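Chain by chain, the residues:
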Amino acid sequence: MLQSVTILQKNVSLSEVNLVLYDSREISESELVGKKFLYEEEKDHGNDIVPYFVHCVQRESRDHETRVSRTRESWTKLLLLIIRSFLVLSWLPKIALGSLHSVLVKRFDYSSSALQQLLLRITQIETLEEEVREQKRTLLSGRLLTMIVVDILTGITVACIISHYASVNDIYTYFCSWTKLLAGSVERLLQWLSGVPAGLKLNQPLTQALSAFFSYHVHLWRLYLELADPLLRSLAWVLVWLGMCGASVQVAILSDLLDLATLHLYCFYVYGARIHMLQISLLGSQWRAFRGRKWNPLKQRVDSHDKGGHVSLTRVLTAVVFTLVIFLLPTTTIYYLVFVLLRVGLNLMRGAMSLTVWLLNINPLYLVLLNLSASNRVKGDIYFSTVSAPEVNKHSVCPVAAPLVLHLHTWPTALSEVLVHAHTDDFPPKPSPDWKLIFSSIMFGENLL
């Protein structure tokens, strides 16, 4: 028990003394406490002594760790060696993959999910290397390391399971058969549309012409698969080995293969959307012309259109064109709606895969386990409780002038706050559909899905 206190050779009354009981590990092992109670050297912490107290405890703990953490340094050096070896081997593939991704985006307006995931994985490992090099035992480095290890182990497990039941050639054969089955289903759908689909009376010459046009594209797609068979078979081996980089890469590869197998359906959707919106545009222009108005593209408004004696002839011609378009519109609309439904269904599947890749990339398993185990690393709140007077004074010589004894407690931070703290730009944003763009694309066709 405290008997006396002397400061600058002067005795201080024990009633003016506060004793704080605390566990130094709870403060030194938590990085959230230091973030919440930030210490500033220029600031006078006389009225707010908690940041200074936390700073002193963590500083003493760091000085102590530098003397006793020899084993930890050896493991850190081994991990740093492994990460740097991977980065040395991946710098050339990173340049090649980045160049290929840039070409696909600029020339073909296509973003490959597999290329994005591979580049993101290399960036995540670079961030982890920086954290380990600076010997920062942060929540971010632990989360990144756990996420990468779990992702790679899951990918290796899936690859082993698949290779146990089938070879790469079997997988490619299954992909080709599934693609041909899809092409056959599209042909049957086109044959159904060329007749009387769901009892709808369509324009027979137009629907037969559209059916023949799209069926020819299906034939070209099958011919393309047969000609590209050696290249695609070699590519299958590369994709399987790339899948060893993690389950997220495997799902991203499946997303790209889905786009490759349904490329003809995307072309059908583009054709249907353009034809349908061309007819809608013709209906609007002919309706304005029939009423003696026209669209002024320079002033972006509708102006009056007066041609004197030619007004009656113009109205007759516009009425004829308007009638032709209005009678052909139901046929093209049916094709457009069918292809829109197919496109939306494929986008939903691709969105589900993108969501899976995002979940694998933000894996919060490390933080969840720390939170469930009430680890000191996720404790960020501090509160004090007083120790009862009988417990303090039972051994005191002077029970009247006794110090105020406080017990410092730490409280785990909410998991949502921990997730925000252990976050970096290397984590991809959550894929969320733009419903406004989707509905406007379906209704007006100005932007393609």
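Please read all numbers here as calculations on a predicted model, not as lab measurements. (Residues numbered from 1 in each chain as written. Predicted model: local features only at pLDDT ≥ 70, side-chain atom pairs only at ≥ 80, totals over all residues. Heavy atoms only, no water.)

Participant: Hey, could you run me through the pattern of salt bridges in this one?
Facilitator: Opposite charge on two side chains lets them pair, provided their charged atoms get close. Taken as a whole and assessed by the stated rule, the structure comprises seven salt bridges. Close ionic contact of Glu-129 with Arg-84 constitutes a salt bridge, the shortest N to O distance being 3.1 Å. Remark: Arg-84 occurs in helix H4 (residues 70-108) and Glu-129 occurs in helix H5 (residues 113-133); sequence separation between them is 45 residues. Classification of Glu-129 by relative accessible area gives buried; the value is 12%. Relative accessible area serves as the criterion here: at 38%, Arg-84 is assigned to the partly exposed category. The residue Arg-222 makes a salt bridge to Glu-187 at a minimum N-O spacing of 3.6 Å. One end of the pair, Arg-222, is in helix H8 (residues 204-227); the other, Glu-187, is in helix H7 (residues 168-194), with 35 residues separating them in the sequence. (Salt bridge = Lys/Arg side-chain N within 4 Å of Asp/Glu carboxyl O. Helix = DSSP H or I, 4+ residues; strand = E, 2+ residues; numbered from the N terminus. Buried < 20%, exposed > 50% of the residue type's maximum accessible area, 1.4 Å probe, protein only.)

Participant: In this structure, what is going on with the confidence of the model for the chain? I would like to understand it.
Facilitator: Keep in mind that low pLDDT regions are not for reading the predicted coordinates in detail. The predicted model of the chain averages 80 in pLDDT, with 86% of residues at 70 or higher. Mean pLDDT across the secondary structure elements of the chain bottoms out at helix H14 (residues 389-393), with 51, and peaks at helix H13 (residues 365-372), with 88. (pLDDT = per-residue confidence, 0-100.)

Participant: Explain the side chain of Thr-127 to me, please; I cannot follow it from the model alone.
Facilitator: Within the fold, Thr-127 resides in helix H5. The exposure class of Thr-127 is buried, given its relative accessible area of 14%. In this view, Thr-127 contacts Leu-144 and Asp-426; residues no more than four positions away in its chain are not counted. (Contact = heavy atoms within 4.5 Å.)

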